[in-house]
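Per-entry structural report
Here is what each chain is made of, one letter per residue.
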Amino acid sequence: MDAYTDKIKEISKKILSEGKVDVVIGFRKGTLGYMSEPYMAKSEKEAENLVFDCNCRMNLVNYVTNRKDKVGIVVKGCDSRNLVTHIIENKIKREQLYIIGVPCTGLADKKALLDLAEGEITSVEDDNETITIKGDGFEKKVAKSDVLQSNCKTCIKRNPVIFDELAGPEVAELEISDRFADVDEVEKMSADERWNFFGELLSECTRCYACRNACPLCYCPTCFVDESRPQWVGKSDNETDVLTYHFLRAFHDAGRCTDCGACEAACPMDIKMRYFTRKTIKDCVEKYGSEAGMELDKRPALDQYKINDPNEFIK
Amino acid sequence: MKMISIKKSDWAGAMEKVQKSYRLAGPVKEKKGHTFRELKDGETPDLEYSETRMSVKEVVLPQSEVMFSYSLDENKEGHHILEEVPFDETPRAAVGIRPYDAKAVEILKKNFMTEDYKDPYFERRYENLTLVGMAENNPSPVNFSTSCGTGPFDESCLDIILADAGDSYIGKALTEKGEKFAAAAGFAEGDSGVEAKLAELKEQAEGKIKSKVSFDKIEKMTILDLYEAPFWEEAAFACINCGTCTYACPTCWCFDIQDEVKGKDGVRMRNWDTCMSEVYSVHTTGHDPRHEAWQRTRNRFMHKLKYYLDKYEDGIMCVGCGRCVSQCPVNIDIRKVCQQMNDYEPSK
Amino acid sequence: MRAANPYKPYPVRIDEIITETDDKLLKTFKFVFLNPEDEEKFAYKSGQFAELSIPGQGEIPIGIASSPTEKGFVKFTVFKAGKVTSYLHSMKVGDVMGLRGPLGNWYPWEILEGKNIFIVGGGFAYTTLRSSIKMMIDPANRSKFGTIDVVYGARTPGHLLYLDELNEWGDRDDVNMHITVDGTDDPNWRFHKGFVPQIADKVAPPASDDTYAIVCGPPMMIKFTQPVLDKLGYKHDHIIMSLENRMKCGIGMCGRCNIGKELVCKDGPVFTLEQINKTPREY
């Protein structure tokens, strides 16, 4: 990963000094050993702070929405697909961007790292194969595959689909069998079981909206949960309102979600809300043969109309 | 002051006994770790925990609370007139809270029980509540409570303090409320060795805290100097303006008031709110005094570390529990921001 | 015994609704207390506000437009803008709702007594100024104040509030009313034409230790009035302003209306410019 970091710094300094971009949006080292912080470098000097490793869990496309300047941005495979969607949806122009692509071998699950630690984590090192967790009086090595974020285990695009320069050689894509095993489990449940399952899943949700705010798709000027005229949803911790929020958000992102996992990584309560978004991904793949953000000239599945669309349901 | 010593094997029995006269809230082990919540009858507060994501705030300021009920049915007498809702007066106890979280309750009290107004919802919960603290022998790496005028063994805001001494919990009843609770639980009286043991454990625990903040210079700067400091945009760049820090914070007190109606029956209720959200401060005209996301982040830190400090002249609005530090999705760290503020030198 | 619940509104009945402006966006609501003894509890001073409380809709903070010298009712002039005010505009005489307050501080009458008062108002922020003028010119109070000068402006004559009253006050010689509109094609218009700051510049009483300006209006008006007052030599602790911010509780607890460490709802809404200069202008 140090090679990625070095290359990102090198590219960033170059494009900043050549005036190709006004800023570079990347990550800097966090104050906690297992975290990183989204960061905007405005000068060559600041570009020295940029890093990339398995702790870079946020999707930086979230930070370029509606920007007017020229932006360098660090993206993983999934993020690059969100960039495609952003460009299609006029949230940013391709010409404004200098895309630094990161061929990605996956992110480390924060909870998994903390569970392995025997005290304060001072650093987490990542050589694409092995993760070394170092801390106050301990050091642990684990296979990266054992601590991957769950979305990274079913990743369909580790290499960026769109970029100006790569931070390292392309990596092999994963061979996945049973991509939607988790969704299948839920589909098999009876309606009652499913209802209970969802209730349990969301029982600790505080509606902090970290999932929404970490999501590059959620850029509505006013989210439906914040709307007061009309008020669609109550604002309390009422179970139905909490469910409504998560369901509607998932549906709103249907056909656009790249399963980047930022929502789950952001959740302070470890809620697995990707059960909802992944169902929409599965449906779009199975019913429309459509994966979000793979090509610049292909609009999201639910955002296009063809004269020969199956239309029996309208009768 | 009564010393307490209770064998761990007697703990569950004592809690069962005390539940005859108290409703309890406390740490409970659930699938994802310990949660601090209202206990059901027969549930025992589990004192063998390291941290709870949510604090005791929920007990004195629930996330959602009905304030009034009313009817919109014009055929009913008293329609459109708000009625108070009943309140369960049974004494309550928060058992096993961290001592610095108790300090947070005192901070909340400054906001909700003022000379001019008493918030009746907070007041009745507060007065009804006994705070039974569980000192922390092994503070987490993000704990900086000793910098915040409190600490893992701070007795100042508790009714009872307990600490883990191996096979038993030892401690003290610190107030009249605490003595009542100890009597109701049938806590065995501790011997004279308890005080010394507590002092020893306290020194060890405080010694483990490496994380520190200072605000001595913040105190001396003007509000405008700090407000206009050049570092805010950068410090707040990563912030996604979610409510994580504000909800996890035991001292963040902001709330929203909402009317909810089902058929002809309505309630006015209040819900936690977060200054991170745009709807928090936006005017009806669409004008928002804190329109930019970073301005909202600045407001939160300024409130905790400067406005509160100046308004009450009693330290910062933070007890150093570290919840916001470990829960923030983008690793914005109040310790770092506080340092940045304290180190700032306004150019004159 | 516990103090009264500060969140609990007094039940009131809408007694009269007056449409104030040609665009019908401003209406004045006169409320009568359902329990007559509540009127005494609601004792207020000019400059304070209250929460108009509509069950099922919510609450909205509005400056009190009636004067403490007017008995038997409380009056508010409300601009139709958001959820609660739009609903209020659809309500009718006889409807029951709530009134919570009085809230906030007031124009500092303790200091203002014995002084010359220069009132500068624009648009629908004129309401608490109206309350103040009405209170000061009451026969029981008029002798407590020196000269009273008022500049009040709106976009057009059709946007002026309380037009009949303005005409009546315009005829009095114990108050100098300088009414102005940005523009009008009415040939019989008897008052000024021009923006409030320009008129204020022309008619302002000279600055002195005994003269206070009370300024209330839209941000633009305030922005351009301040340099005029500066030029005339008004000291910043002699310039009094009333601020607005989004509010919920009205009693300084819910947090959102802060400007720096001050809460507009409780520490304000009335501040001197000197105070405002020391705080972030987040309003």
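Every value quoted in this text rests on a predicted model; they were computed, and no experiment measured them.

Topic: the overall build of chain C
- Each helix and strand in chain C was counted, giving 8 helices and 15 strands.
- Since a compact globule built from 283 residues should have a radius of gyration of about 19 Å, the 18 Å found for chain C is in line with a globular shape.
- When each of the 283 residues of chain C is scored for burial, the buried share is 51%.
- Within chain C, counting contacts between residues at least 6 apart in sequence, those at least 24 apart form 70% of the total.

Quick look at the overall build of chain A
- Secondary structure assignment for chain A yields 11 helices and 9 strands.
- Against the compact-globule benchmark of 20 Å for 315 residues, chain A has a radius of gyration of 20 Å, which places it among compact chains.
- Seen through its principal axes, chain A has C-alpha atoms that stretch 60 × 50 × 40 Å.
- Per-residue burial for chain A yields a buried fraction of 44% across its 315 residues.
- The long-range share in chain A, meaning contacts at least 24 apart out of those at least 6 apart in sequence, stands at 67%.

Points about the interface of chain B and chain C
- With 39 residues of chain B in contact, the opposing surface of chain C contributes 36 residues.
- At the level of elements, strand S4 (64-71), helix H3 (99-112), helix H8 (223-227), strand S10 (255-262), helix H11 (278-281) and helix H12 (293-312) of chain B are the ones that each hand at least two residues to the side of chain B that touches chain C.
- Broken down by element, the residue count for the side of chain B that touches chain C peaks at 6 residues, all from S10 of chain B.

Focus on the domain arrangement of chain C
Residues and elements named next belong to chain C.
- Split by domain assignment, chain C resolves into domain 1 (10-103) and domain 2 (109-242).
- Its C-alpha centre places domain 1 at a distance of 24 Å from the equivalent point of domain 2.
- Residues that form the side of domain 1 that touches domain 2 fall into these classes: 5 nonpolar, 8 polar and 4 charged.

Overview of the domain arrangement of chain A
Residues and elements named next belong to chain A.
- Each domain of chain A was delimited in the assignment, giving domain 1 (2-107 + 148-302) and domain 2 (108-147).
- Using C-alpha coordinates to define each centre, domain 1 is positioned 23 Å away from domain 2.
- The interface is formed by 14 residues belonging to domain 1 together with 16 residues belonging to domain 2.
- Looking at side-chain class alone, the side of domain 1 that touches domain 2 contains 6 nonpolar, 5 polar and 3 charged residues.

Overview of the pairing of strand S5 (residues 74-79) of chain C
All names here are of chain C.
- Across the 6 residues of S5, 5 count as buried, placing the element largely inside the fold.
- The sheet contact formed by strand S2 (residues 26-33) and S5 spans 6 bridges and is antiparallel. Each residue of the ladder has a partner; that of Leu 26, found in S5, is Phe 79.

Some words on the interface of chain B and chain A
- Contact with chain B, which involves 26 residues of that partner, is made by 28 residues of chain A.
- Every element with two or more residues in the side of chain B that touches chain A is listed here: helix H10 (244-248), S10 and strand S11 (265-272) of chain B.
- Taken together, the residues that form the side of chain B that touches chain A break down as 11 nonpolar, 9 polar and 6 charged.

Considerations on the packing of helix H6 (residues 181-188) of chain A against helix H11 (residues 274-288) of chain A
All names here are of chain A.
- Relative to each other, H6 and H11 sit at 95 degrees, their axes nearing to 9 Å. Comparing the axis directions of H6 and H11 gives the class roughly perpendicular. Taken together, the residues of H11 that come into contact with H6 (itself represented by Asp 182, Val 183 and Val 186) are Tyr 275, Arg 278, Lys 279 and Lys 282.

Examining the nonpolar core
- Judged by nonpolar contacts, the single largest core of 262 residues is most densely connected at Ile 25, Phe 52, Ile 73 and Val 74 of chain A, Ala 94 of chain B together with Ala 213 and Ile 214 of chain C.
- In terms of residue count, H3 of chain B provides more of this core than any other element does, 7 residues in total.
- Counting residues in each nonpolar core, the second largest holds 5 residues, with Phe 68, Tyr 70, Val 267 and Met 269 of chain B among its members.

Remarks on the pairing of strand S5 (residues 97-101) of chain A
All names here are of chain A.
- Most of S5 sits inside the fold, with 5 of its 5 residues counted as buried.
- Where strand S4 (residues 71-75) meets S5, 5 bridges bridge the pair, whose relative direction is parallel. Looking at S5, one finds that Val 71 is bridged to Leu 97.
- The β-α-β motif built from S4, the intervening helix H3 (residues 77-88) and the parallel element S5 has right-handed crossover chirality.
- Alignment of S5 against strand S9 (residues 165-166), held across 2 bridges, turns out to be parallel. Directly across from Ile 100, in S9, lies its bridge partner Glu 165.

Some thoughts on unusual backbone geometry
- The omega torsion of the bond from Arg 229 of chain A to Pro 230 of chain A falls at -5 degrees, within 30 degrees of zero and hence cis.
- Considering the arrangement of structural elements, one finds Pro 230 of chain A in the loop between helix H8 (210-213) and helix H9 (239-252).
- For the peptide bond that leads from Gly 268 of chain C to Pro 269 of chain C, omega is 10 degrees, which places it in the cis range.
- Its place among the elements puts Pro 269 of chain C in the loop between strand S14 (262-263) and strand S15 (270-272).

The rules behind the values
- Residues numbered from 1 in each chain as written.
- Chains lettered and ligands numbered in written order.
- Predicted model: local features only at pLDDT ≥ 70, side-chain atom pairs only at ≥ 80, totals over all residues.
- Helix = DSSP H or I, 4+ residues; strand = E, 2+ residues; numbered from the N terminus.
- Rg over C-alpha atoms; globule rule 2.2 N^0.38 Å.
- Buried ≥ 20, exposed ≤ 12 C-beta atoms within 10 Å, placed from the backbone.
- Contact = placed C-beta atoms within 7 Å.
- Domains from an automatic or database assignment.
- Nonpolar A, V, L, I, M, F, W, Y, C, P; charged D, E, K, R; others polar.
- Pairing = 2+ DSSP bridges.
- Axes fitted to C-alpha atoms, helices over the stretch in contact; angles between N-to-C directions.
- Parallel < 35°, antiparallel > 145°, perpendicular 65-115°, else oblique.
- Core = buried A, V, L, I, M, F, W, Y, C linked by C-beta atoms within 7 Å.
- Right-handed = clockwise from strand over helix to strand, strands pointing away.

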